[in-house]
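Chain and residue survey
Residue strings, one per chain:
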Number of protein chains: 2
Amino acid sequence: MATSVLNLVIRSAGSPLRQTGLKSRRAFRLPYVRFYSQQNALDPLEGGTFKFSELQVSLAGPELLKPKPDVSNLIFGKCFTDHMFEVEWNVEGWGPPRICPLHDLNIHPAAKVLHYALELFDGMKAYRGVDGKIRLFRPDLNMQRLLRGSRRCLLPQFDPEELISCMKRLIKIEEEWIPHSETSSLYIRPTVIGTDPSLGVARSMQAMLYIILCPVGPYFETGFKPVNLLADPKFVRSWPGGSGDVKLGSNYGPTVFVQRAAENSGLQQVLWLYGDDHQLTEVGTMNIFILIKNANGEKELITPPLHGLILPGVTRQSILELVRGWNEFKVTERPVPMKEFLQLKEEKRLLEFFGAGTACIVCPISGVSFLGVNHHIPTMEQEDPLYARVLNTLSGIYYGRISHEWSVLVD
Amino acid sequence: MATSVLNLVIRSAGSPLRQTGLKSRRAFRLPYVRFYSQQNALDPLEGGTFKFSELQVSLAGPELLKPKPDVSNLIFGKCFTDHMFEVEWNVEGWGPPRICPLHDLNIHPAAKVLHYALELFDGMKAYRGVDGKIRLFRPDLNMQRLLRGSRRCLLPQFDPEELISCMKRLIKIEEEWIPHSETSSLYIRPTVIGTDPSLGVARSMQAMLYIILCPVGPYFETGFKPVNLLADPKFVRSWPGGSGDVKLGSNYGPTVFVQRAAENSGLQQVLWLYGDDHQLTEVGTMNIFILIKNANGEKELITPPLHGLILPGVTRQSILELVRGWNEFKVTERPVPMKEFLQLKEEKRLLEFFGAGTACIVCPISGVSFLGVNHHIPTMEQEDPLYARVLNTLSGIYYGRISHEWSVLVD
């Protein structure tokens, strides 16, 4: 497997790989490209950027340092490290970036983030490799996405490279918090909030960017636990002309109610549908993939295209590039309507269905409840399943078992 | 005019008025009614309610009191009174409600409000009447809407009557902040935020409800200034299966970018369209009304129905009830596609177009820019225009010139 990944690096430099997906993407992206180019024209790095070279570090005294947790018992997102990164912005530009002890934020009760959801975030991880070295995975992609989202809600711009440098320094300071385990990691949460203390739906003239860190344990403690999904056309996550392709807080608030509807039905996650043909778009907060046997009897991996309704996941993009690099079967970005999905399943041509995201890497799906009918998906019954192969390869890169240009050392 | 308003009170008790709108509303609401009834089944007052009888009041010392501003120069939402109301919630229920000096909130950087927009608000006003008495306008409707929105994002429930009692006490304490002017008022901002300090898209198990107050000057300082609108189908505010009919922060964050696109084109507000037929839905943060001459040559007032895409405005509902009470012309709740709107305009049957909301009461519209063409709307050229009559009547009720059951005294 290591060989095929290394092959990818060589192949992905050429154009054939890119051409594979471009045609279908372009067909769906056209109206959005126009939208984004307008966006890009607005504020190219308005307010400049903060600089790593001006980073101020103030460490917590020993009395403030918390004991490191037992990672095997960690619940995601509830345990934080001792320090955070923060930098404030106003119309005069960025203030000095700081690393300081983790602390509550003092926020005016009229701050725009509390009323109009002028906020966005990203999610990534630092891994302690088998060689003891600390690695990030494609942090440039996360930072580009954060920047694009910040532009989408008129929050300030910054140089992603400067933010990555500050982030590396924070991770280095918190190095001891990174679990010594090949199933655990340090979750990194960069966040941008609009802090302008004024009511009225308008751009925030004050903002803050910060990073907090969480050690996280294994997503699947004892082997894979496939999930069952609620697919209810009543609930729609994202729509053309909205903001479903950037990581704004707005995309998440309205979903907790729907997630609860799934749980109330004994299901684990929501399968988000869109349109009259009930296209499958995302699962919970993950991108989706299906592996099918197509009309020619060949295997084909399909994921919905980046047509504006889909969050452009870093794991999604990496899986596409990885599997295309293997060059073993067709890889396609196109919409999948529920009717086709159920027909593939009926004809026993639907082999696997899985979610992909930073939290779980891949998450196999074994059932979909649609309009009151539970449909079993045979993801767990495949021999040498693709989802497991993808997970092993990505894990190999994360933890340094496979050397890859996607890995970025924190040193 | 006072007489017709009083007539309304008597008429609205009967059923004919309600029947007028019911048929069209039901036709569009059906799928959403099902949705809401599910919602209502979830958490009837889970966690109980806080109680006005347990309200704790701690007043600011004289050194903290700010000078009252000159209301004629006030910019909306930037000047706050000396005190605020706050009450915290966790899974064990509500803590004691408090009135205390206005202060920054201490919020954990992982709080769900900062990442997933678990937040909502409402907007209402207190008026100093011509008789010197302080009045609220239908506060029960705002509080019911806040409660419904809180349910929509699984934030805690409360008894609206208890909140109104606490709010009245706060307003009484800040009475001197209410401008002595019939064009100014005290803006009231109740807000609910999810403060649970844990990452992961899930219900917030901690929350806070607070109220802050802003004195606000006249919306139109020197007579009416009609606005011109950008109507661009690329941007969509709300969609079926979303949350556009509750006042979640999520509905606003993605709009500031679009508002700026309007301003960049020299226009003041966004006209939000929906669907293949480009239905007119809202303007900025206001509901919309058009007054037309219909196919029978009669005047007809039309506003989009509450089919899930529209915020159920208190001003909207009051205008509908008021004008129906006048019984002078037809009042209809139905979608208005852009094609029909432009045809009405072309045939000179489009008489008035105005927005309606708490901030401006009514806001006349004189132009719409749609697909690169500026369409002039003759709202300002009508004799004895409806928007002005509506404004005068509502203002009469707000400031106690017209006695009405919608007024609630703060005493």
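Residues numbered from 1 in each chain as written. Chains lettered and ligands numbered in written order. Predicted model: local features only at pLDDT ≥ 70, side-chain atom pairs only at ≥ 80, totals over all residues. Heavy atoms only, no water.

**A few points about the overall build of chain A**
Spelled out, the test is: Helix and strand definitions follow DSSP, with helices as H or I runs of at least four residues and strands as E runs of at least two, each counted in order from the N terminus. Burial status follows relative accessibility: with a 1.4 Å probe on protein chains alone, a residue under 20% of its type maximum counts as buried, one over 50% as exposed, and anything between as partly exposed. Contact definition: two residues touch when any of their heavy atoms are within 4.5 Å. Where accessible areas are quoted, they stem from the Shrake-Rupley method and a 1.4 Å probe; at the residue level, only the protein chains shown are allowed to cover.
The secondary structure content of chain A amounts to nine helices and 21 strands. In chain A, buried positions account for 61% of the 411 residues. Taking the contacts inside chain A whose residues are at least 6 apart along the sequence as the reference set, 73% of them involve residues at least 24 apart. When the accessible surface of chain A is totalled, it reaches about 15,800 Å², and 51% of it is carbon and sulfur.

**Structural notes on the relation of the copies chain B and chain A**
Quick note on the threshold: Least-squares fitting of one copy onto the other uses the C-alpha atoms of those residues that reach a pLDDT of at least 70 in both copies.
In screw terms, the move from chain B to chain A is a rotation of 180° and a rise of 0.0 Å along the axis, fitting with an RMSD of 0.0 Å. A rotation of that kind, with that shift, is consistent with a two-fold axis. The rotation axis passes nearest to the C-alpha of B:Ser250 in chain B, at a distance of 2.0 Å. Looking at the interface residues of chain B, 100% of them are also at the interface in chain A, so both copies use one shared face.

**What to know about the interface of chain B and chain A**
Operational definition: By convention in these notes, a salt bridge is any Lys or Arg side-chain nitrogen within 4 Å of a carboxyl oxygen on Asp or Glu. Here a polar contact is recorded for every N or O atom pair within 3.5 Å, except that within protein the pair must consist of a potential hydrogen donor and a potential acceptor, and residues adjacent in sequence are included only if both atoms are side-chain atoms. Residue classes follow a fixed rule: Ala, Val, Leu, Ile, Met, Phe, Trp, Tyr, Cys and Pro count as nonpolar, while Asp, Glu, Lys and Arg count as charged, and any other residue, Gly among them, counts as polar. Pairing between strands is defined by DSSP: at least two bridges between the two strands are required.
Each partner contributes to the interface: chain B provides 68 residues, whereas chain A provides 68 residues. Between chain B and chain A we count zero salt bridges in total. On the surface where chain B and chain A come into contact, there are 25 residue pairs in polar contact (both at pLDDT 80 or more). Sort the elements by how many residues they give to the side of chain B that touches chain A and helix H2 (residues 16-42) of chain B lands first, with five residues. Among the residues making up the side of chain B that touches chain A, the classes are represented as 36 nonpolar, 20 polar and 12 charged. Note that strand E5 (residues 105-107) of chain A and strand E5 (residues 105-107) of chain B share three bridges and pair antiparallel. Its bridge partner being in E5(B), A:Asn106 is matched across the sheet by B:Asn106.

**Describing the nonpolar core**
Filter applied, for reference: Put simply, buried Ala, Val, Leu, Ile, Met, Phe, Trp, Tyr and Cys residues joined by side-chain atoms within 4.5 Å make one nonpolar core.
Judged by nonpolar contacts, the single largest core of 144 residues is most densely connected at A:Phe85, A:Leu114, B:Phe85 and B:Leu114. Beyond its immediate stretch of four places on either side in the chain, B:Leu114 contacts A:Leu105, A:Ile107, A:Val113, A:Leu114, A:Glu119, A:Thr191, A:Ile193, A:Tyr210, B:Ile107, B:His108 and B:Pro109.

**Observations concerning the pairing of strand E8 (residues 134-137) of chain B**
Working note: regular strand, side chains alternate between the two faces of the sheet. Residue and element names in this part refer to chain B. Neither face of E8 is open: one carries Ile134 and Leu136, the other Arg135 and Phe137, and all of them are buried. As defined by bridge partners, strand E7 (residues 124-128) adjoins E8 across three bridges and the pair is classed as antiparallel. When the sheet's bridge partners are listed, Arg128 is paired in E8 with Ile134. Taken together, the four bridges between E8 and strand E21 (residues 407-410) define a ladder with antiparallel strand orientation. Among the inter-strand pairings, Arg135 is bridged to a residue of E21, identified as Leu409.

**Some points on the state of the cysteines**
Should the sulfur atoms of two cysteines be covalently bonded, the bond is a disulfide. Residues and elements named next belong to chain A. Let me state the cut-off plainly: Cysteine sulfurs are considered disulfide-paired once they come within 2.5 Å of each other.
Considering all chains together, one arrives at zero disulfides over all chains under this definition. Here Cys79 is not disulfide-linked; the sulfur of Cys214 is the nearest cysteine sulfur, at 6.9 Å. Its sulfur unpaired, Cys363 is 4.8 Å from the next cysteine sulfur, which belongs to Cys360.

**Some details on the packing of aromatic side chains**
Note the cut-off: Centres within 6.5 Å make a pair out of two Phe, Tyr or Trp rings, where for Trp the six-membered ring is used; the pair is then stacked when the planes are under 30 degrees apart, edge-to-face when over 60, and tilted otherwise. A ring has a charge above it when a Lys NZ or an Arg CZ is no more than 6 Å from the ring centre and no more than 35 degrees off the ring normal.
Tallying each qualifying case throughout the model produces 29 aromatic pairs over all chains. Between A:Phe137 and A:Trp406, the ring centres sit 5.8 Å apart and the planes meet at 85°, which makes this aromatic pair edge-to-face. Taken as a pair, A:Phe137 in strand E8 (residues 134-137) and A:Trp406 in the loop between helix H9 (386-398) and strand E21 (407-410) lie far apart in primary sequence, 269 residues in all. Summarising the burial analysis for this pair, A:Phe137 and A:Trp406 share the class buried. Between B:Tyr127 and B:Tyr398 the ring centres are 4.4 Å apart and the planes differ by 5°, which places this aromatic pair in the stacked class. With a gap of 271 residues between them, B:Tyr127 in strand E7 and B:Tyr398 in helix H9 (residues 386-398) connect regions that are remote in the sequence. Take B:Tyr127 and B:Tyr398: they sit in the same class, and that class is buried. Connected via pairs of aromatic rings, a cluster forms that spans A:Tyr127, A:Phe137, A:Tyr398, A:Tyr399 and A:Trp406. Positioned above the aromatic ring of A:Trp326, the side-chain terminus of A:Arg389 is 3.9 Å from the ring centre.

**As for the packing of helix H7 (residues 314-326) of chain A against H9(A)**
All names here are of chain A. Condition: Each axis is a line fitted through C-alpha atoms, taken for helices only over the stretch in contact, and angles between the N-to-C directions span 0 to 180 degrees. Should an angle fall under 35 degrees it is called roughly parallel, over 145 degrees roughly antiparallel, and 65 to 115 degrees roughly perpendicular, with every other angle called oblique.
Put simply, H7 and H9 touch, their axes get as near as 11 Å, and they point 105° apart. Considering their axes alone, H7 and H9 lie roughly perpendicular with respect to each other. Residue-level inspection shows Thr315, Ser318, Ile319, Leu322, Val323 and Trp326 of H7 in contact with H9, the latter providing Leu386, Arg389, Val390, Thr393 and Leu394. A class-by-class count of the residues in the contact of H7 with H9 yields seven nonpolar, three polar and one charged.

**A closer look at the environment of B:Ile319**
With respect to the helices and strands, the residue B:Ile319 is situated in helix H7 (residues 314-326). Expressed as a C-alpha distance, the spacing of B:Ile319 and B:Ala295, which sit 24 residues apart in the sequence, is 23 Å.

**What to know about helix H6 (residues 256-264) of chain B**
Note on helix geometry: an α-helix contains 3.6 residues per turn, so any two residues three or four positions apart are oriented the same way. All names here are of chain B. Of all nine residues making up H6, seven are buried, and the element is well covered by its neighbours. For H6, the full list of buried residues reads Val256, Phe257, Val258, Gln259, Arg260, Ala261 and Ala262. One or two residues past the end of H6 sits Gly266, with phi positive at roughly 75°.

**Describing unusual backbone geometry**
Residues and elements named next belong to chain A. In this structure, Asn327 is a non-glycine residue whose phi angle is positive, near 60°. One non-glycine residue, Ile361, lies in positive phi territory at about 70°. Topologically, Ile361 is positioned in strand E19 (residues 361-370).

**Let's talk about a negative patch on the surface**
Put simply, the rule reads: Patches here: salt-bridge-free residues with over 30% relative accessible area, like charges joined within 9 Å, nonpolar side chains (Val, Leu, Ile, Met, Phe, Trp, Tyr) joined within 5 Å. Only four residue types enter the tally: Lys and Arg on the positive side, Asp and Glu on the negative side; His and the chain ends are excluded. Charge placement uses NZ in Lys and CZ in Arg. For Asp and Glu, CG and CD serve respectively.
Judged by side-chain charge, A:Asp276, A:Asp277, B:Asp276 and B:Asp277 come together as a negatively charged surface patch. On the secondary structure map, B:Asp277 appears in the loop between strand E12 (269-274) and strand E13 (279-283).

**Some words on the side chain of A:Glu300**
Residues and elements named next belong to chain A. By the element assignment, Glu300 lies in strand E15 (residues 299-303). Here Asn294 takes part through its side chain, which lies 2.9 Å from a polar atom of the side chain of Glu300. In terms of polar contacts, Glu300 uses its side chain to reach the side chain of Thr332, at 2.6 Å. Filtering out sequence-adjacent residues up to four positions away, Glu300 remains in contact with Ile290, Leu291, Ile292, Asn294, Lys330, Thr332 and Arg334.

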